[in-house]
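Spelled out, the chains give:
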Amino acid sequence: MSDWRMVCEACRHEEPLDTAAWRCPNCGGAFGITGPDRLDPAAIDRAAPGLWRYRAVLPVPLDAAHPLGEGMTPLVPGTLLGRRVLFKLDGLLPTGSFKDRGAVVLVAHLRRLGRRRIIVDSSGNAAAAMAGYSAAAGLACTVYAPASASPGKLVQSRAYGATVVPVEGNREAVAAAAQQAAAADPTAFYASHNWHPVFVEGVKTWLLEVWEQLGQRLPAACFIPTGGGSALIGAWRAAAALPGPAPALVAAQPAACAPLVAAIEAGTDVTPVTPGNTIAEGTRIGAPARPRQMLAAVRETGGWAEAVPEEEIVATLRELWGQGLYVEPTAAVGAAAVRQAVRRGHPIPDGEIVVLLTGSGLKAAPDMVSALLD
């Protein structure tokens, strides 16, 4: 652990990796992480399970983890409005979403530090992932979730043995309730997927896998559903670990909640917004915790951001389902951004286009899916 450091994205204050702080104690900003993060292809451990083949650039050793088969999800060809793309199927991970990548690494990190109880806040997928991997590792887990979240996702967390506490209000209210509960309990740790940088280090493995699946080369562009930003920042971290130019990272957000899009278009910092209603509930985060890292991921890679209206998300879901790709609404936001960019003639880099499909359609409420089919 001594080779890794937590670094505040705002004031550059540093903490050791084993700190009890989940955000900067100096200014309250979000931590990034620094360490042995250049991947030598010779260091890939092909005998290790799943994403742990990249353990040379992960801040947690494999012997601290309890893998459930996470990693090396399929990369399959498809089309969007006639444009050929490659879909990264992270909805096929053990609990049904890309969040498993971060959860297995963060839970292993906390267990290694001697933690035995964690508190998380989530609208669903991160809750299920953290609850599932906590169960595998023998940790107690309490989930604070929006009262409006999909019941099926919360049932999944409960099935893993987690205690679920519903909270009225938006995602920021849920986070505040979880933080207050953790601060009041000295035995607990606020293990936020939106704040802790070790989570991002696990998530970055999705693009490391794509690099291998493409014959050790990066794609021209990646379209990524973006709420809290872990998949986007993870891709940025992965690209920095690999040889060659980074792909253009395209952050896709629902028009009802698009603070990053507004900042990119205005050339400013991210300003919190009041989230509107969207079926892509996993991206409904009006005040993301890692705004500077999100902006850097887009700007430094020559990417851009797309705000996608609800009707485009629905049309995209139908096109994906029609190709045999059963994803939940949030997972379709990146693909919807491809369709929108194609339709409006936005220049898309030549070469392979990868679209991250973040979550299984089995997460979605059946009555909602039925309504979209009518």
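A. Examining the overall build of the chain more closely. Looking only at helices and strands, one finds twelve helices and 13 strands in the chain. What you see for the chain is a C-alpha radius of gyration of 19 Å, in line with the 21 Å of a compact globule of 374 residues. The buried share of the chain, reckoned over its 374 residues, is 60%. In the chain, of all internal contacts separated by at least 6 residues, the share reaching a separation of at least 24 is 70%. Within the structure as shown, the chain displays about 13400 Å² of accessible surface, and the carbon and sulfur contribution to it stands at 52%.

B. Local environment of the sheet that holds strand E5 (residues 83-89). Here six strands make up an open sheet; going across it, the order is E4-E5-E13-E10-E11-E12 and the pairing mixed. Two strands close off the open sheet at either side, each with one partner strand: strand E4 (75-80) and strand E12 (304-308). Looking at each pair of strands side by side, their axes are set apart by 30 degrees on average, direction ignored. Looking at chain direction, E4 and E5 are connected through six bridges and run antiparallel. Bridge pairing links Leu80 to Arg83 in E5.

C. Quick peek at empty space enclosed by the protein. Considering all chains together, one arrives at two cavities of 30 Å³ or more under this definition. Volume-wise, the largest cavity comes out at about 250 Å³. Lining the largest cavity are 23 residues, and of these Phe98, Lys99, Gly228, Gly282 and Thr283 sit closest to its centre. Looking at which element gives the most residues to the lining of the largest cavity, the answer is helix H7 (residues 230-241), with three residues. Broken down by class, the residue content of the lining of the largest cavity amounts to six nonpolar, 15 polar and two charged. If you go around the second largest cavity, the residues you meet are Ala64, Ala65, His66, Val104, Val107, Ala108, Tyr133 and Ala137.

D. Quick peek at helix H10 (residues 310-321). When the terminal C-alpha atoms of H10 are compared, their 17 Å separation across twelve residues agrees well with the 16 Å that a helix rising 1.5 Å per residue should span. Looking at H10, one finds that the buried residues are Glu312, Ile313, Val314, Thr316, Leu317, Glu319, Leu320 and Trp321.

E. Region of interest: the side chain of Glu201. Counting through the fold element by element, Glu201 comes out in helix H5 (residues 197-203). Its relative accessible area of 1% is what places Glu201 among the buried residues. Apart from residues no more than four positions distant in its own chain, Glu201 is found in contact with Trp4, Ile33, Val57, Leu58, Pro59 and Arg237.

F. The arrangement of the sheet that holds strand E6 (residues 117-121) in detail. Pairing in this open sheet of four strands is parallel, and the strands run E8-E7-E6-E9 from one edge to the other. The open sheet is flanked by strand E8 (163-167) and strand E9 (189-190), the only strands paired with a single partner. Relative to E9, E6 runs parallel, the two sharing two bridges. Residue pairing for E9: Ile118 is matched across the bridge by Phe189. Relative to strand E7 (residues 140-146), helix H2 (residues 125-137) is tilted by about 170 degrees, and along the sheet it contacts E6 and E7.

G. Focus on the state of the cysteines. Under the definition given, this model contains zero disulfides. Free cysteine Cys8: the closest other cysteine sulfur is in Cys27, separated by 3.4 Å. For Cys8, a relative accessible area of 0% corresponds to the buried category.

Rules of the game
Residues numbered from 1 in each chain as written. Predicted model: local features only at pLDDT ≥ 70, side-chain atom pairs only at ≥ 80, totals over all residues. Heavy atoms only, no water. Helix = DSSP H or I, 4+ residues; strand = E, 2+ residues; numbered from the N terminus. Rg over C-alpha atoms; globule rule 2.2 N^0.38 Å. Buried < 20%, exposed > 50% of the residue type's maximum accessible area, 1.4 Å probe, protein only. Contact = heavy atoms within 4.5 Å. Areas by Shrake-Rupley, 256 points an atom, 1.4 Å probe, with all protein chains shown as cover. Pairing = 2+ DSSP bridges. Axes fitted to C-alpha atoms, helices over the stretch in contact; angles between N-to-C directions. 1 Å grid on protein atoms, 1.4 Å probe; cavity = no way out; pocket = protein on both sides within 12 Å on 5 of 7 lines; lining within 4 Å. Points joined across faces, edges and corners; volume = space filled by probe spheres on them. Nonpolar A, V, L, I, M, F, W, Y, C, P; charged D, E, K, R; others polar. Expected span 1.5 Å × (residues − 1). Disulfide = S-S within 2.5 Å.

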